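Residue strings, one per chain:
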Amino acid sequence: MFQTRFVIFYFCIIAFTVALTNIHDHRYAVVVDAGSTGNRAFLFKISISHDHKHVELIHREMKKRGIADYLDDLPKIKDILLPLLKKVSEYIPTQVDIDETVLFIRATGGMRSLSTDDQSALWSAVVGMLEDDPTTPFHINPHNFGTISGKLEAYYAVIAANYVAGRVDSNLIPIPGQKMIGALDMGGSSTQMIYHVG
């Protein structure tokens, strides 16, 4: 059985590697799943050889409580996220690799329960605090931060499940003779059920 959160954000990295055209052999990526019950950081190594992409989970860390819980105390968010990112960076071998590591922070159901204005305030605070702190180990790209919709979360889950199960290849193309599988994503604040109808 797949661990749902791992599967969903595994796909984020797979989708990211499909768009990569300018790396020679490998790159690292960190994906933080900012869920309703905690923040889970996944460090992946992405390798490319002869147009074949391989994604390997190197390390994972978790801090309890979702960042949406800190809406009324925004400075505390940095106390949760920054140690998480620093810990993950310890598993990246060189400073050059750290400098090239891509960071994603994506929130799901817990964040979707907040108003649009509250979400905007929270994400602005997260980006600002990490950008302003010189000890932040990774480059901060605001476009890689944000809340994903329930539909997108479901889409990530089913595509990722099919990748992990060997039903689609590293370019996310269905493998001939393999039937697509569905996915049941049961999070702390939302549930998505997805299945293939084609």
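Going by the structure above, here's the rest.
Scope of this entry: the structure provided in the associated data block. Because the structure is predicted, anything quoted here is derived from the model rather than measured.

**Points about the nonpolar core**
Stage number 1. Core analysis: the largest hydrophobic core is formed by 32 residues, its most contacted members being Val-32, Ile-67, Leu-103, Ile-105, Val-126 and Phe-145.
Stage number 2. Listed by contribution, the elements that provide at least two residues to this core are strand 1 (26–34), strand 2 (38–49), helix 2 (75–89), strand 4 (102–107) and helix 5 (116–132).
Stage number 3. Of all hydrophobic cores here, the second largest spans six residues; its members include Val-31, Phe-44, Val-55 and Phe-104.

**Looking at the pattern of salt bridges**
Stage number 1. Here the structure, examined in full by the defined rule, presents four salt bridges.
Stage number 2. Residue Lys-78 is joined to Asp-133 by a salt bridge in which the shortest nitrogen-to-oxygen separation is 3.2 Å. Of the two residues, Lys-78 sits in helix 2 while Asp-133 sits in the loop between helix 5 and strand 5 (145–147), which places them 55 residues apart along the sequence.
Stage number 3. The partner of Glu-90 in a salt bridge is Lys-87, with the nearest N and O atoms 3.6 Å apart.
Stage number 4. For Lys-87, a relative accessible area of 33% puts it in the partly exposed group.

**Looking at the environment of Gly-66**
Stage number 1. Residue placement: Gly-66 occurs in the loop between strand 3 (52–64) and helix 2.
Stage number 2. For Gly-66 and Thr-108, which are 42 residues apart along the polypeptide, the C-alpha to C-alpha distance reads 10.0 Å.
Stage number 3. In this structure Gly-66 touches Gly-35, Ser-36, Thr-37, Gly-38 and Asn-39, once residues within four positions along its chain are discounted.

**Observations concerning the pairing of strand 2**
Stage number 1. Judged by how many residues are buried, strand 2 sits mostly within the fold: nine of twelve residues are covered.
Stage number 2. Bridge analysis of strand 1 against strand 2 gives nine bridges, and the strand direction is antiparallel. Residue pairing for strand 2: Tyr-28 is matched across the bridge by Lys-45.
Stage number 3. Counting the residues between successive antiparallel strands, the hairpin from strand 1 to strand 2 contains three residues.
Stage number 4. Judged from the twelve bridges that link them, strand 2 and strand 3 form a sheet pairing that is antiparallel.

**Description of the packing of helix 2 against helix 5**
Stage number 1. Interhelical geometry of helix 2 versus helix 5 gives an angle of 55 degrees and a closest axis separation of 10 Å. Overall, the two elements helix 2 and helix 5 adopt an arrangement that is oblique. Crossing of helix 2 against helix 5: the hand is right-handed. Between helix 2 and helix 5, the contacting residues are Pro-75, Ile-77, Lys-78, Leu-81, Leu-82 and Leu-85 on the first element and Leu-122, Val-126, Met-129 and Leu-130 on the second.

**A word on the sheet that holds strand 2**
Stage number 1. Across the sheet, which stays open at both edges, the five strands sit in the order 3-2-1-4-5 with mixed pairing between neighbours. Two strands lie at the open edges of the sheet, namely strand 3 and strand 5, each paired on one side alone. Strand-to-strand twist of the sheet, defined as the mean angle between neighbouring strand axes without regard to direction, takes the value 20 degrees.

Definitions and limits used
Residues numbered from 1 in each chain as written. Predicted model: local features only at pLDDT ≥ 70, side-chain atom pairs only at ≥ 80, totals over all residues. Heavy atoms only, no water. Core = buried A, V, L, I, M, F, W, Y, C linked by side-chain atoms within 4.5 Å. Buried < 20%, exposed > 50% of the residue type's maximum accessible area, 1.4 Å probe, protein only. Helix = DSSP H or I, 4+ residues; strand = E, 2+ residues; numbered from the N terminus. Salt bridge = Lys/Arg side-chain N within 4 Å of Asp/Glu carboxyl O. Contact = heavy atoms within 4.5 Å. Pairing = 2+ DSSP bridges. Axes fitted to C-alpha atoms, helices over the stretch in contact; angles between N-to-C directions. Parallel < 35°, antiparallel > 145°, perpendicular 65-115°, else oblique. Left-handed = near helix turned anticlockwise from the far one by under 90°.

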